[in-house]
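So the chains spell out like this:
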Amino acid sequence: MFSISKIIKSVLALLFIGILSIVILYLTLRSELPEINSLEDVQWQTPMQIYSSEGLLISQFGEKKRIPLTFDEIPQQLIDALLATEDDRFYFHFGVDPIGMGRAVLGKLTGNDKGGASTITMQVARNFFLTREVTYTRKIREIFLSFHIEHLLTKNEILTLYVNKIPLGHRSFGFGAAAQVYYGKALNQLTLAQIAVLAGLPKAPSTYNPISRPDRAKIRRTTVLQRMLVSGYITDEEYQQAKSAPITGKPHGAEIELNAPYIAEMAHQEMIERYGKEQAYTSGFKVFTTVTNKLQTAAHKAVTGNLLRYDQRHGYRGAISSLRPELANNKANDKFDATPTLNPLTDEEISTALASVHSYQALVPAVVTKVDELEVSITLRNNKKATIPWRGMAWARPFINDQKQGIPPKNAHEIFHYGDVILVSALADNEYRLSQLPVASAAMISISPDDGAIKAAVGGFSYKQSQFNRVTQAKRQVGSNIKPFIYSAALEQGFTLASLINDAPINQWDRSTGVVWRPKNSPETYVGPIRMRLALAQSKNVIAVRLLKSIGLDDAINHLSSFGFAPDDLPRNESLALGSASLTPIEVVTGFAAFANGGYLVEPYLIDRIETAEGEVIFQANPALACAPCELDNPLAELNQNNLENAELVEETIENTAELMSLNSSDTFAEDAIENSTIAPQLISAPRAISEQNAFLITEALNSGIWGADWSAENPWQGTGWRARALKRKDIAGKTGTTNEGKDAWFSGFSRRLVTTSWIGFDDPSRNLGKSVYNSNLGKNQITGTEAGAKSAQPAWIDFMKVALEDIEFEPFEPPAGIVSVRIDKATGKLSTKTNKSSLFEYFQVGTVPTEYVSEDNSIDIFQHNDVIKQEEAEELF
């Protein structure tokens, strides 16, 4: 029989052996334990966020969704739920809970293992430093790391790390992100029932999440609530109320505040080029772009609205599908049986059909449930009932091909059938308009001519429909949008706005092909000798060809290259004068910016600044400005003054920022961060493309394209861009563009502070924009017209600029030094002393003023020469 003293000695001996074993084990594993000092200053792997210039969220990129929280931002109910569920003795143990550990060991020995040995501190150690493999060695390392963490950090700091690090399913890490993913709310906006669901996720996120397993999520929520009740954190009333609440979780993305997916992708790609995909996706960069909410929204509405109008002019292509095809194939029966009593549609059929059809922008799917004479009943998602009145369907003449449409419908039976699955857009008061997904594509880009900042960009009708960004990726023939650059080259060769060029047909034998080349005007009207200003405003094709022949191809291409156009994109033949060059909209708008800003070649840029997750600026754009020299007292320099004032602050903080960002990363990235974040503390002048005088003279001619060479109410002479007069601003200029066979339509125009290019066409190069029926501007009957720049692309430009010009003060195009104005004869371009309608004032560069006076009265010729183009011809061909 053992004495008590022997038992005590044995226990002490075993205890000593146990402690010695632990010490030896610790010394053995110490070298393999990771360094935990990094926990004192964690750089969270958070997604990259793209913002507008005002700070509105455009998009988020990253594999992991995380919204880091401070301890003060963690709701007390969540803390209570986590303590009750995960570690109720958290504030009393030293990293390892002996009671919980003993319970776990006993469970192993008795075969009743229910887990529960891991404390919150141990979970932090595992999530930060260890793999998820289940081995005794890993568990021992976890215990030792927990001791270190408890020694290094306070309990609140450990709990904060846990709340931000724990994986909670659906790519959400941390409770801040989980609240957004499952409920679309901030964590502090959740109810007790919702918090209890989230608090139950750490045990098994894939099993207990409310999206994929709402039944199990409810069971786990009850467990969490019971433990909170037992621990005294909630009352019985709160328990019962939360327990009976429905499971409301569903997928939510980031809370997007500005819909600009093409902008987001442009910024996304630039960030990957700067930092690489891994760092861009995990470093929590906040990327502030140059786009504004107002202009981006206006551009989006202008592009989508114009595309829908174009698409609907060409007729209705029919329903997406039919739930009752036998009725669709029997029009006679359908007319008299608008709501069949046999085989009626079920709610389940309708719901399934609607779920299978995508929504695009404002276009949503619907099912036709009743067809009356002039009205249609429809059902939308969530069993919403609505109607399509006659005004929402009257446009739907049948589509035959791009060149032809059928006769207008007389009643709804000619358009719809019971069971049709269609797309509609909202009108008002529960009324909808029949619509369809446009087959044509479009793009718009707007930049500041002063520094190249992109103010708005839309690369297509819908990013969901097509991720192809036509602003930067679609090289399309530019048509007459090339003519201002050809005329600019002519000015450099001694031509003036008053120079006469013969507007007459060209018949030119091409020896290489054995074919006669006959470029034609559109419309095919010729007036003989015409001044250059009028020729550009009226977009005379043969004049552009004659000018190019006079300049010479080599000189013309060299001149066009100064606008940023790649020489390889410029055909080395005379078709260049008619726009056979293929350029992207962003290249075109950059070229036009040189006219608006006085001759400088600015470089478009999108990212204004980049901040770390903590808000420290690590990159600030410092674009080249359209000024020379760019002194600080220059008005343009004020645009970048704030950027330069930030330079010293950025340079002081960048090294520390790069060091933080390189935590657990390569030294190379830290060096790259410094390199990519340096701001040159000086103003930079953009290179010159053309002289200030050249830019002004072309701008004057482009202004005539809208307002006419000598416009007045008594003399309403038309330029191809005359529709822009609707803006009632004479401080604008622009040029239409239509390519051969009408495959592309353009309008590029500008005020002194904003340059915008609009394009429309088909991605399929075999299709052209065709012809359509539309209302005459004079209010006459409907006429058939060819789609072209002024009719197809310019309306979007006008819609956009109507909004954009609201915040831009009237600023006329002022003649620079070296420009003089003299009176000339309209018909000959010679000097004139007459003050009647046969003369007008014209601008010339010093040294190019005519020296010869007109010798006879040409007023009769003037009026014949400047006959107004018939309105119908203008609408059809411009």
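Residues numbered from 1 in each chain as written. Predicted model: local features only at pLDDT ≥ 70, side-chain atom pairs only at ≥ 80, totals over all residues. Heavy atoms only, no water.

A. Broad picture of the pattern of salt bridges. Taken as a whole and judged by the stated rule, the model has 31 salt bridges. A salt bridge links Asp744 to Arg476; the nearest nitrogen and oxygen atoms lie 2.8 Å apart. Of the two residues, Asp744 is situated in strand β23 (residues 744–750) and Arg476 in strand β14 (residues 476–477); the sequence distance between them amounts to 268 residues. In this pair, the class of Asp744 matches that of Arg476, namely buried. Between Arg533 and Glu842 there is a salt bridge, and its shortest N-O distance comes to 2.6 Å. Of this pair, Arg533 sits in helix α20 (residues 532–537) while Glu842 sits in strand β28 (residues 839–845), and the two are 309 residues apart along the sequence. Each member of the pair Arg533 and Glu842 is classed as buried. Members of the salt-bridge network, linked through shared partners, are Asp450, Arg752, Arg753 and Glu811. (Salt bridge = Lys/Arg side-chain N within 4 Å of Asp/Glu carboxyl O. Helix = DSSP H or I, 4+ residues; strand = E, 2+ residues; numbered from the N terminus. Buried < 20%, exposed > 50% of the residue type's maximum accessible area, 1.4 Å probe, protein only.)

B. Molecular detail of the side chain of Ser435. Of note, Ser435 is situated in strand β11 (residues 432–435). At a separation of 3.5 Å, a polar atom in the side chain of Ser435 contacts the side chain of Gln312. Those residues in contact with Ser435, other than ones at most four positions away along the chain, are Leu308, Gln312, Tyr316, Leu363, Trp395, Leu423, Val424 and Ser425. (Polar contact = N/O pair within 3.5 Å; in protein donor to acceptor, adjacent residues only side chain to side chain. Contact = heavy atoms within 4.5 Å.)

C. Just unusual backbone geometry, in detail. The omega torsion of the bond from Ser522 to Pro523 falls at 5 degrees, within 30 degrees of zero and hence cis. Inspection of the secondary structure assignment puts Pro523 in the loop between β17 (515–517) and β18 (528–531). Phi is positive for Arg171, which is not a glycine, with a value near 60 degrees. Tracing the chain through its elements places Arg171 in the loop between α6 (155–165) and α7 (175–183). One non-glycine residue with positive phi stands out, namely Asp429, at about 50 degrees.

D. Summary view of the sheet that holds β23. Across the sheet, which stays open at both edges, the five strands sit in the order β13-β12-β24-β23-β22 with antiparallel pairing between neighbours. Edge strands, defined here as strands with exactly one partner in the open sheet, are β13 (454–458) and β22 (733–738). When the angles between neighbouring strand axes are averaged without regard to direction, this sheet yields 5 degrees. Sheet topology places β22 next to β23; six bridges connect them, and they run antiparallel. Note that in β23 the partner of Thr736 across the bridge is Phe747. (Pairing = 2+ DSSP bridges. Axes fitted to C-alpha atoms, helices over the stretch in contact; angles between N-to-C directions.)

E. Representation of the confidence of the model for the protein chain. In this model, the protein chain carries an average pLDDT of 85, and 80% of its residues clear a pLDDT of 70 or more. With pLDDT under 50 throughout, residues 711–716 is counted as low confidence; its partners more than four residues away or in other chains account for six contacts. Confidence over residues 859–878 falls short of pLDDT 50; this stretch has 51 contacts with residues more than four positions distant or in other chains. (pLDDT = per-residue confidence, 0-100.)

F. Quick look at the environment of Leu187. Locating Leu187 in the fold gives a position in the loop between α7 and α8 (192–199). Residues Leu187 and Pro75, spaced 112 residues apart in sequence, show a C-alpha to C-alpha distance of 7.4 Å. Apart from residues no more than four positions distant in its own chain, Leu187 is found in contact with Leu69, Pro75, Leu78, Phe175, Gly176, Ala179 and Leu198.

G. Here's a closer look at the packing of α7 against α8. It is at 11 Å that the axes of α7 and α8 come closest, and there the two elements cross at 115 degrees. As for the relative orientation of α7 and α8, their crossing is right-handed in sense. Listed contacts from α8 to Phe175, Ala178, Ala179, Tyr182 and Tyr183 of α7 are Gln194, Val197, Leu198 and Ala199. Within the contact of α7 with α8, the residues separate by chemical class into eight nonpolar, one polar and no charged. (Left-handed = near helix turned anticlockwise from the far one by under 90°. Nonpolar A, V, L, I, M, F, W, Y, C, P; charged D, E, K, R; others polar.)

H. Broad picture of α7. Along α7, nine of the nine residues are buried, which leaves the element largely enclosed by surrounding structure. On its buried face, α7 is in contact with α2 (76–86), α6 and α8. Positive phi appears at Gly184, one or two residues downstream of α7, with a value of about 65 degrees.

I. Spatial organisation of the environment of Gly232. As for its placement among the helices and strands, Gly232 is situated in the loop between α10 (214–230) and α11 (236–244). Taking the C-alpha atoms as reference points, Gly232 and Asp80, separated by 152 residues in sequence, lie 9.4 Å from one another.

J. Looking closely at the side chain of Arg66. Along the chain, Arg66 turns up in the loop between β2 (57–61) and α2. We note that Arg66 is buried and unpaired, the nearest opposite charge coming from Glu614 at a distance of 11 Å. A distance of 2.9 Å separates a polar atom in the side chain of Arg66 from the backbone oxygen of Asn164. For Arg66, the residues in contact, after removing those within four places along its chain, are Trp44, Gln45, Thr46, Pro47, Asn164, Lys165, Phe173 and Ala177. (Lys, Arg positive; Asp, Glu negative; His and termini not counted.)

K. Structural detail: the sheet that holds strand β21 (residues 617–620). Taken together, the five strands give an open sheet; going across it, the order is β2-β1-β3-β20-β21, and neighbouring strands pair in mixed fashion. Sheet topology places β2 and β21 at the edges, where each strand pairs with a single neighbour. Strand-to-strand, the axes of this sheet are offset by a mean angle of 15 degrees, without reference to chain direction. Sheet topology note: the strand β20 (residues 607–611)/β21 ladder contains three bridges and is antiparallel. Each residue of the ladder has a partner; that of Ile610, found in β21, is Phe619.

L. View of the nonpolar core. Ile263, Met271, Ile454, Tyr487, Phe595 and Phe750 are the most contacted members of the largest nonpolar core, which totals 91 residues. Considering every element that reaches this core, the biggest residue donor is helix α23 (residues 585–596), with eight residues. Look past the residues within four positions of Ile454 in its chain and what remains in contact with it is Ile263, Met266, Thr290, Val291, Ile445, Ser446, Ile447, Ile586, Pro604, Tyr605 and Leu606. Residues Ala84, Leu192, Leu225 and Met228 belong to the second largest nonpolar core, which totals 49 residues. (Core = buried A, V, L, I, M, F, W, Y, C linked by side-chain atoms within 4.5 Å.)

M. Spotlight on helix α27 (residues 692–707). Between its first and last C-alpha, α27 extends 22 Å over 16 residues, near the 22 Å set by a 1.5 Å rise per residue. Burial analysis of α27 places 15 of its 16 residues in the buried class, the great majority of the element. Where α27 terminates, the next one or two residues include Gly708, which has phi positive at roughly 90 degrees. (Expected span 1.5 Å × (residues − 1).)

N. How the structure looks around the environment of Glu238. Within the element layout of this structure, Glu238 appears in helix α11. By relative accessible area, which is 32% here, Glu238 ends up partly exposed. Taking the C-alpha atoms as reference points, Glu238 and Leu225, 13 residues apart in sequence, are found 9.1 Å from one another.

O. Highlighting the packing of aromatic side chains. For the coordinates displayed, the defined rule picks out 16 aromatic pairs. Each ring, one from Phe563 and one from Phe595, has its centre 5.4 Å from the other, and the planes form 50 degrees; the classification is tilted. Of the two residues, Phe563 is situated in the loop between α22 (553–561) and β19 (582–583) and Phe595 in helix α23; the sequence distance between them amounts to 32 residues. Both residues of the pair, Phe563 and Phe595, count as buried. The ring of Phe619 has Arg274 sitting right over it, with the charged end atom 3.9 Å from the ring centre. (Phe/Tyr/Trp six-rings, centres within 6.5 Å; stacked < 30°, edge-to-face > 60°. Lys NZ or Arg CZ within 6 Å of the ring centre and 35° of its normal.)

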